[in-house]
Structures are given as structure tokens and as C-alpha cells.
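The residues making up each chain are set out below.
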Amino acid sequence: MVQLEKWRERFESEGVNIAAMTYDSLEILKEFHEYRGLGFPLLRDVDGQHVNAFGVLNEDIGQGIPLPGMLWIAPDGQIQAKFAEPGYRTRPPLEDVFSRVSRTARSH
């Protein structure tokens, strides 16, 4: 999420707003948000509802744990793209995500 903050202005310049979601408690989310000074909201996925709805459950771990990654969701709620990596330590390269999002955002 810290790396995402470094890219936030680039995404916003393309008309794309950022939010992050995790299964952590609201207290942890608030502390992390304030400590890191994030300029985007942190959301809580209660009981893995969104992990399951968006189809990003990490099958190796299960229990509401998502694949590490990002979703690009259009204003109408449709998923435009999923960027995910196997395992739990690696994240999709933000350069690749930004390139795809900015190309598509410009064409709309």
C-alpha cells in the first residue's frame, strides 16, 4: 500500500481513484492509514465477502485470504481487469497496472 501511495497521483491524473481493501480490523486500518499518511481510503472486507464476490480467493490459503493484487473496477461496478500474483508476498508490478489502466482510461 505504501508503493501504491507513490503512484496515486499518476492514477488520479488518468481519472482513476484508488482504494485498498484488507481483512484487518478497523483499528489496524486506521493506525496504518494515519502512520503512513495515505491519500486513499482503506476498506475492510468483512468475512471475505469481497474476496469471494470478486473471485480473487487464494485457493492455497483459503479462509477469505485474497491473492495479492489489484482490481480495476469501473464506476458501474464492472471489473475491467484483475492483476494478481500467486503466493502472498509478490504484488503485480505497478508499472504494468498503470500502463494498462492508462491506455484503457484514455480510450473511454
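Every chain's residues receive numbers from 1 upward, in the order its sequence appears when written. Predicted model: local features are reported for residues with pLDDT of at least 70 only, side-chain atom pairs are reported and counted for 80 or more only, and whole-chain, interface and lining totals are derived from all residues. Excluding hydrogens and water, the side-chain figures rest on all heavy atoms present in the structure.

Trainee: Would you mind showing me how to read the overall build of the protein here?
Mentor: Going along the chain from the N terminus, every DSSP run of H or I of four or more residues is numbered as a helix, and every run of E of two or more is numbered as a strand. Each helix and strand counted, the protein has four helices and four strands in total. Walking the protein from its N terminus toward its C terminus, one meets helices and strands in the order α-β-α-β-α-β-β-α. Each residue is assigned to one of three classes by its accessible area relative to the maximum for its type, calculated with a 1.4 Å probe on protein chains only: buried under 20%, partly exposed between the two thresholds, exposed over 50%. Counting all 108 residues of the protein, 31% fall into the buried class.

Trainee: Could you clarify how one ought to interpret the environment of E5 in this entry?
Mentor: With respect to the helices and strands, E5 occurs in helix α1 (residues 2–13). E5 sits in the buried class, given a relative accessible area of 19%. Separated by 32 residues in the primary sequence, E5 and G37 place their C-alpha atoms 8.8 Å from one another. Every residue pair with non-hydrogen atoms within 4.5 Å of one another is taken to be in contact. With residues near it in sequence (within four places) discarded, E5 still touches G37, L38, G39 and F40. Among the polar contacts listed, one links the side chain of E5 to the side chain of R8, at a separation of 3.0 Å. Each polar contact in these results corresponds to two N or O atoms within 3.5 Å; when the atoms are within protein, one needs to be able to donate a hydrogen and the other to accept it, and residues that are neighboring in sequence are counted only if both atoms are side-chain atoms.

Trainee: Hey, could you run me through the pairing of strand β4 (residues 79–84) in this one?
Mentor: When a strand is regular, its side chains alternate between the sheet's two faces. Across five bridges, strand β3 (residues 69–73) lies against β4 in antiparallel orientation. From the neighbouring strand, W72 faces β4, where its bridge partner is A81. From the end of β3 to the start of β4, which pair antiparallel, there are five residues, and G77 there has a positive phi angle of about 90°. Two strands qualify as a pair provided DSSP detects at least 2 bridges between them.

Trainee: Help me understand α1, please; the structure alone is not making it clear to me.
Mentor: Working note: α-helix, 3.6 residues per turn, so residues spaced by three or four point in the same direction. Residues of α1 that are buried include every one of L4, E5, W7, R8 and F11, and no others. Positive backbone phi, at 80°, marks G15, one or two positions downstream of α1.

Trainee: What is the right way to look at the packing of aromatic side chains in this model?
Mentor: The way to describe two aromatic rings as a pair is by their centre distance and the angle between their planes. When the centres of two rings from Phe, Tyr and Trp lie within 6.5 Å, Trp using its six-membered ring, the rings pair. Their planes under 30 degrees apart give stacked, over 60 give edge-to-face, and anything left gives tilted. Evaluated as defined, the whole model comprises two aromatic pairs. On the basis of an interplanar angle of 50° and a centroid distance of 5.8 Å, the ring pair of W7 and F98 is categorised as tilted. Of this pair, W7 sits in helix α1 while F98 sits in helix α4 (residues 94–107), placing them 91 residues apart in sequence. Note on F98: relative accessible area 16%, which makes it buried. Taken together through their ring pairs, the aromatic side chains of W7, F11 and F98 make up a single cluster. One residue, R10, lies across the ring of W7, its end atom 3.9 Å from the ring centre. Lysine and arginine charges are scored as sitting over a ring when NZ or CZ, respectively, is within 6 Å of the ring centre and within 35 degrees of the ring normal.

Trainee: For this particular structure, what's the right way to read the pattern of salt bridges?
Mentor: Should their charged atoms come close, side chains of opposite charge can pair. What makes a salt bridge here is a side-chain nitrogen of Lys or Arg within 4 Å of a carboxyl oxygen of Asp or Glu, nothing more. Tallied over the full model, the rule gives two salt bridges. For E5, the salt bridge goes to R8, with nearest N and O atoms at 3.0 Å. Taken together, the residues E5 and R8, both in helix α1 and three residues apart, mark about one turn of the helix. The residues E5 and R8 share a single accessibility class, namely buried. Here the residues in one salt-bridge network are E5, R8 and E12, joined through shared partners.

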